[in-house]
Amino acid sequence: MTGWLVASALACLLLKLAGYLLPTAVLADPRVGRTTDLVTAGCLAALVVVQTVGGDAGPALDARVAALLVAAVALLLRAPFVVVVLLGAATAAGLRAAGIG
Amino acid sequence: MLRSPAVRQGLSVGVATGLYGISFGALATAAGLSVWQACLLSAVMFTGGSQFAVVGVLAAGGAPVAGFASATLLGLRNAVYGLQLAPRLRPRGWRRLLAAHLTIDESAAVSAAQDDADEARWGFWAAGLGVFVCWNATTLGGAVLGDALGDPRRWGLDGAAAAAFLALLWPRLRRRETAAVAAAAALVAVLTLPVAPAGVPVLAAALVAAALGWWRTRPARRDAP
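Caption draft 1: Up close: empty space enclosed by the protein. One pass over the full model with this rule turns up one cavity of 30 Å³ or more. Here the largest cavity is characterised by a volume of approximately 40 Å³. As for the largest cavity, its lining consists of Leu47(A), Val50(A), Gln51(A), Gly56(B), Val57(B), Ala60(B), Gly199(B) and Val202(B). At the level of elements, helix 2 (30–53) of chain A together with helix 4 (48–59) of chain B are the ones that each hand at least two residues to the lining of the largest cavity. For the lining of the largest cavity, the element with the highest residue contribution is helix 2 of chain A, accounting for three residues.

Caption draft 2: A look at the environment of Ser8(A). Tracing the sequence through the fold places Ser8(A) in helix 1 (residues 2–21). On the accessibility criterion, Ser8(A) (2% relative accessible area) is buried. Once the C-alpha coordinates of Ser8(A) and Val65(A) are considered, the two residues, 57 residues apart in sequence, prove to be 29 Å apart. Every residue in contact with Ser8(A), bar those within four places of it in the chain, is listed here: Met45(B) and Phe68(B).

Caption draft 3: Region of the structure containing helix 2 of chain A. Residue and element names in this part refer to chain A. Under the 1.5 Å per step criterion, the end-to-end length of helix 2 is 35 Å for 24 residues, consistent within 8% with the ideal 34 Å. The buried count for helix 2 comes to 21 of 24 residues, which makes it a mostly enclosed element. For helix 2, the N-terminal capping position is held by aspartate 29, with its side-chain oxygen 2.9 Å away from the main-chain nitrogen of arginine 31.

Caption draft 4: Spotlight on the pattern of salt bridges. What the rule picks out here adds up to 10 salt bridges over all chains. Arg64(A) is the salt-bridge partner of Asp62(A), the closest N and O atoms lying 2.9 Å from each other. Exposure class is identical for Asp62(A) and Arg64(A). Each is buried. Among the salt bridges present, the one from Asp105(B) reaches Arg77(B), with a minimum N-O distance of 2.8 Å. Here the residue Asp105(B) occupies a position in helix 7 (residues 105–112), and Arg77(B) occupies one in helix 5 (residues 64–89), the gap between them amounting to 28 residues. Overall, Asp105(B) belongs to the partly exposed group, its relative accessible area being 23%. Through salt bridges with shared partners, a single ionic network connects Arg34(A), Asp37(A), Arg77(B), Asp105(B), Arg172(B) and Glu177(B).

Caption draft 5: Region of the structure containing the layout of surface pockets. Quantified by volume, the largest pocket comes out at close to 1000 Å³. Forming the walls of the largest pocket are 36 residues, and the residues nearest its centre are Phe81(A), Tyr20(B), Glu106(B), Ala167(B) and Pro171(B). Taken together, the residues of the lining of the largest pocket sort by class into 23 nonpolar, seven polar and six charged. Approximately 620 Å³ is the volume found for the second largest pocket.

Caption draft 6: View of the packing of helix 2 (residues 21–30) of chain B against helix 4 of chain B. Residues and elements named next belong to chain B. Here helix 2 crosses helix 4 at 25°, and the two axes come no closer than 9 Å. The pairing of helix 2 with helix 4 is recorded here as roughly parallel in orientation. You can see that helix 2 and helix 4 cross each other, and the crossing is left-handed. Together, Ser23, Phe24, Leu27 and Ala28 of helix 2 and Gln51, Phe52 and Val55 of helix 4 make up the contact between the two elements. Each residue belonging to the contact of helix 2 with helix 4 can be placed in one class, and the counts come to five nonpolar, two polar and no charged.

Caption draft 7: Inspection of the interface of chain B and chain A at higher detail. On the chain A side, the residues contacting the 89 residues of chain B number 69 residues. Taken together, the two surfaces of chain B and chain A that pack against each other cover about 6900 Å², and 79% of this comes from carbon and sulfur. Considering only the side of chain B, the residues that lose the most area to chain A are Leu83(B), Leu193(B) and Trp214(B), jointly responsible for 10% of the buried surface there. Put simply, chain B and chain A have three salt bridges between them. The salt bridge involving Arg172(B) is made with Asp37(A); its shortest N-O contact spans 4.0 Å. Here chain B and chain A share 11 residue pairs in polar contact (both at pLDDT 80 or more) between them. Elements with a minimum of two residues in the side of chain B that touches chain A: helix 1 (5–19), helix 3 (35–45), helix 4, helix 5, helix 6 (94–101), helix 9 (157–169), helix 10 (176–192) and helix 11 (200–216) of chain B. Broken down by class, the residue content of the side of chain B that touches chain A amounts to 63 nonpolar, 17 polar and nine charged.

Basis of the calculations
Position labels on residues start from 1 in each chain and follow its written sequence. Chain letters and ligand numbers both follow the written order, the letters beginning at A and the numbers at 1. Confidence filtering applies because this is a predicted model: local features only for residues at pLDDT of at least 70, side-chain atom pairs given and counted only at 80 or more, and all residues used for totals across whole chains, interfaces and linings. Side-chain numbers come from the whole structure's heavy atoms, not from hydrogens or water. Using a grid of 1 Å spacing that covers the protein atoms alone, one calls a set of points a cavity when a 1.4 Å probe fits there but cannot get out, and a pocket when the set is open and has protein on both sides within 12 Å along at least five of seven lines; lining residues are those with an atom within 4 Å of a point. Grid points are joined across faces, edges and corners, and a volume is the space filled by probe spheres set on the points. Each helix is a run of H or I in the DSSP string that is no shorter than four residues. Each strand is a run of E no shorter than two, and both are numbered from the N terminus. Categorising residues by exposure relies on relative accessible area from a 1.4 Å probe, with only protein chains included: less than 20% of the type maximum marks a residue as buried, more than 50% marks it as exposed, and the intermediate range marks it as partly exposed. Contacts are assigned to residue pairs with any non-hydrogen atoms lying within 4.5 Å of each other. Given a helix with a known number of residues, its expected span is that number minus one, times 1.5 Å. N or O atoms within 3.5 Å of each other form a polar contact, as long as, within protein, one can give a hydrogen and the other can take it, and as long as residues adjacent in sequence are counted only when both atoms are side-chain atoms. Salt bridges, as used here, are contacts in which a Lys or Arg side-chain nitrogen is within 4 Å of a carboxyl oxygen on Asp or Glu. Residue polarity is assigned by list, with Asp, Glu, Lys and Arg as charged and Ala, Val, Leu, Ile, Met, Phe, Trp, Tyr, Cys and Pro as nonpolar; anything else, Gly included, falls into the polar class. Note on method: axes are straight lines fitted to C-alpha atoms, helices fitted across the in-contact stretch only, with angles between N-to-C directions ranging 0 to 180 degrees. Every angle not falling under 35 degrees, over 145, or within 65 to 115 is termed oblique; those three ranges are roughly parallel, roughly antiparallel and roughly perpendicular. Take the far helix as the reference: if the near one is turned anticlockwise from it by less than a right angle, the crossing is left-handed, and if turned clockwise, right-handed. A quick way to say it: buried area is the sum, across both parts, of accessible area lost when two parts are put together, with a 1.4 Å probe.

Structure follows, in structure tokens:
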């Protein structure tokens, strides 16, 4: 496991370094910047889904769905990152303490 | 130095961002990493989205190679930031490696927000170093805390992780086309989740997003005569 973590960390570091070593002309093709943007958004969107409904035995709906909804409302109200995360945790923990989800 | 508005802006971003290193540290140990493994990711990988992705994939029971792939895909954008920052910072020798290491969403954003060339440089270094110091300190704190908490579900840490990914995605949804691709990626994840091994839905979604980005964006026009 540690080997994979080190490899993942080094891969991310090498990507950062590549930005400083590659010729700036790479950015002349608008598809490069746009595709990178969309891969980032696509990954994060999929991670939201997996983290919210993923389970050991297939998809499951539980307190995490409520946590995500509360987080979305907090983001609409322009709450800072830390507050959004804390509200997500509090919602899931609160519902479970009440015996739901 | 503290009179520079870019430095002050950079440092305040550093403190604010560093604060949520606590949530990363806690989620990492809740996902089964040791305290020092969590700290290793913050020190060497040092890019929040990828770090949360590795931990998210492992927490869901995904294979380490799936965590590697998700982290790398999310880290691609840092290469683009580097391409944009290199002509502005023009780092030489060991400073180039340091600049690369500190290239993240926050340092790139603070630098890009400055009109003056010197301020753009100062802003980058202040935000990068500020986030690095705070992020690593709070990761350690969060990891120790997460280790002591016991069952992560009881404390709602899985809900916190879902909220964290949504908060990272949120500012990108302002652009309508990005929001549409994010929705398509989410749909791919929903459809593949019941049938694919853990970690694979994220990769499938990323590939769909990449394909949409590459083929729907017009390449640069050749110079017309």
